[in-house]
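A closer look at the structure
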Amino acid sequence: MRNAYLPVNPSIAARWGAFCALLGGTLGVAYSVAYTLLTNGSTPDGAAAWWDHVPTGQLLFVATFLSVLGIFGLYATLVVSSGHPGRLALAGAAFGVLSATAILALHALRMAMMVGWWSPGQEGFPWWVTIMQILDYCGIGGCVVSLLLLGVSAFRMRLWGTLSALPFVVAALWPVSIALLILLNMSGMEWATHVSWLSGTLPFGGAAFSGWVLLRSLPAEHR
């Protein structure tokens, strides 16, 4: 019954998903801190612009995509722990697929524009900006909804402890990060630019923490 919920061995999916979350979260934290240092004027002009382009700028995409793949590690952990995750967990995995697909599509559009394969018009408010915003919202929103559904599923399966609390904590870090960024931008304080790195590191820090917890929560025979 366990194999009916995943195309691969659930133990392997849980282990590799947790590792992806740990690696992606760590890369994301490092990128956010380094980018903030560049944009705060600690480097010569143009350095921040260089950081946004290949190959360094692709670290953010890799970090984000790996962090989202950690969702499937959480889902696989639920399969290993229960054997029958239920419809809520399946829905959570589906939203995880939506998030990962949106992130890939958004990155493909940005790469096409960056290398000159696609040059949309700039008149008014171009339609491609709307498409990229929709993909961005789907990537973040799908991740948050997926984590919430997996958390509710773990709670209903009475998997008390980290497996039920962890998804809610990690999901909450996304809106907290956005709210903190808005607050820092509105404050106008000089010190705000020096702590803005905190906004970018919260979601990635949550992903890294999630991966570490999931690796430790797997039974010894499944590690």
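Residues numbered from 1 in each chain as written. Predicted model: local features only at pLDDT ≥ 70, side-chain atom pairs only at ≥ 80, totals over all residues. Heavy atoms only, no water.

Some thoughts on the overall build of the protein chain
Helix and strand counts for the protein chain come out as eight helices and zero strands. Order of helices (α) and strands (β) in the protein chain, N terminus to C terminus: α-α-α-α-α-α-α-α. (Helix = DSSP H or I, 4+ residues; strand = E, 2+ residues; numbered from the N terminus.)

Comments concerning empty space enclosed by the protein
By the definition in use, this model includes one cavity of 30 Å³ or more. Considered as a void within the structure, the largest cavity measures approximately 130 Å³ in volume. Those elements that provide at least two residues to the lining of the largest cavity are helix 3 (58–82), helix 5 (127–156), helix 6 (162–187) and helix 8 (197–217). Residues belonging to the lining of the largest cavity are distributed by class as follows: eleven nonpolar, three polar and no charged. (1 Å grid on protein atoms, 1.4 Å probe; cavity = no way out; pocket = protein on both sides within 12 Å on 5 of 7 lines; lining within 4 Å. Points joined across faces, edges and corners; volume = space filled by probe spheres on them. Nonpolar A, V, L, I, M, F, W, Y, C, P; charged D, E, K, R; others polar.)

Quick notes on helix 5
Helix length check: helix 5, at 30 residues, gives a terminal C-alpha distance of 42 Å against a target of 44 Å (1.5 Å per residue), a fit within 8%. Remark: arginine 158 follows helix 5 within two positions and exhibits a positive phi of approximately 60 degrees. (Expected span 1.5 Å × (residues − 1).)

Here's the deal with the packing of helix 3 against helix 4 (residues 86–114)
The contact between helix 3 and helix 4 brings their axes to 10 Å, and the two run at 165 degrees. The orientation of helix 3 with respect to helix 4, classified from their angle, is roughly antiparallel. Seen from above, helix 3 lies across helix 4 with left-handed handedness. Together, Gln58, Phe61, Thr64, Phe65, Val68, Ile71, Phe72, Tyr75 and Leu78 of helix 3 and Ala89, Leu90, Ala93, Gly96, Val97, Ser99, Ala100, Ile103, Leu104, His107, Met111 and Met114 of helix 4 make up the contact between the two elements. (Axes fitted to C-alpha atoms, helices over the stretch in contact; angles between N-to-C directions. Parallel < 35°, antiparallel > 145°, perpendicular 65-115°, else oblique. Left-handed = near helix turned anticlockwise from the far one by under 90°. Contact = heavy atoms within 4.5 Å.)

Quick look at helix 3
When the terminal C-alpha atoms of helix 3 are compared, their 37 Å separation across 25 residues agrees well with the 36 Å that a helix rising 1.5 Å per residue should span. Summarising burial for helix 3: 18 of the 25 residues are buried, a large majority. Downstream of helix 3 by a residue or two, glycine 83 has a phi angle that is positive, lying close to 85 degrees. (Buried < 20%, exposed > 50% of the residue type's maximum accessible area, 1.4 Å probe, protein only.)

Some points on the nonpolar core
One finds Tyr75, Leu78, Leu147 and Leu150 to be the most contacted residues of the largest nonpolar core, which totals 31 residues. Of all the secondary-structure elements, those providing two or more residues to this core are helix 1 (10–42), helix 3, helix 4, helix 5, helix 6 and helix 8. In this view, leucine 78 contacts Gly83, Ala89, Leu150, Ser153, Ala154, Met157, Leu159 and Leu163; residues no more than four positions away in its chain are not counted. Of all hydrophobic cores here, the second largest spans six residues; its members include Ala102, Leu106, Trp128 and Met132. (Core = buried A, V, L, I, M, F, W, Y, C linked by side-chain atoms within 4.5 Å.)

Description of the layout of surface pockets
Considered as a void within the structure, the largest pocket measures approximately 1,100 Å³ in volume. Element by element, the count of residues in the lining of the largest pocket is highest for helix 4, at eight residues. Here the lining of the largest pocket is built from residues that sort into 19 nonpolar, eleven polar and three charged. Lining the second largest pocket are Leu6, Pro7, Val8, Ala13, Trp16, Gly17, Cys20, Leu69, Phe72, Tyr75, Ala93 and Val97.

Comments concerning the packing of aromatic side chains
The tally for this structure, following the rule as stated, stands at three aromatic pairs. With centroids separated by 5.9 Å and ring planes inclined at 20 degrees, the aromatic side chains of phenylalanine 61 and phenylalanine 65 adopt a geometry described as stacked. Placement of both phenylalanine 61 and phenylalanine 65 in helix 3 is noted, with a separation of four residues, approximately one turn of the helix. Here the aromatic rings of phenylalanine 209 and tryptophan 212 are separated by 6.2 Å at their centres, their planes lie at 35 degrees, and the arrangement is tilted. Residue phenylalanine 209 and its partner tryptophan 212 are located together in helix 8, separated by three residues, close to a single helical turn. Using a relative accessible area of 44% as the deciding quantity, one classes phenylalanine 209 as partly exposed. (Phe/Tyr/Trp six-rings, centres within 6.5 Å; stacked < 30°, edge-to-face > 60°.)

Some details on the confidence of the model for the protein chain
Scored by pLDDT, the protein chain has a mean of 79; 76% of the residues are at 70 or more. In this model residues 42–46 is a low-confidence stretch, pLDDT under 50, and it forms two contacts with partners more than four residues away in sequence or in other chains. (pLDDT = per-residue confidence, 0-100.)

Comments concerning the side chain of serine 99
Here serine 99 shows up in helix 4. For serine 99, a relative accessible area of 0% puts it in the buried group.

Focus on the environment of alanine 21
Relative to the assigned elements, alanine 21 resides in helix 1. Sequence-wise, alanine 21 and leucine 74 are 53 residues apart; in three dimensions their C-alpha atoms are separated by 9.6 Å. In contact with alanine 21, not counting residues within four places along its chain, are Leu66, Ser67, Gly70, Ala207, Ala208 and Gly211.

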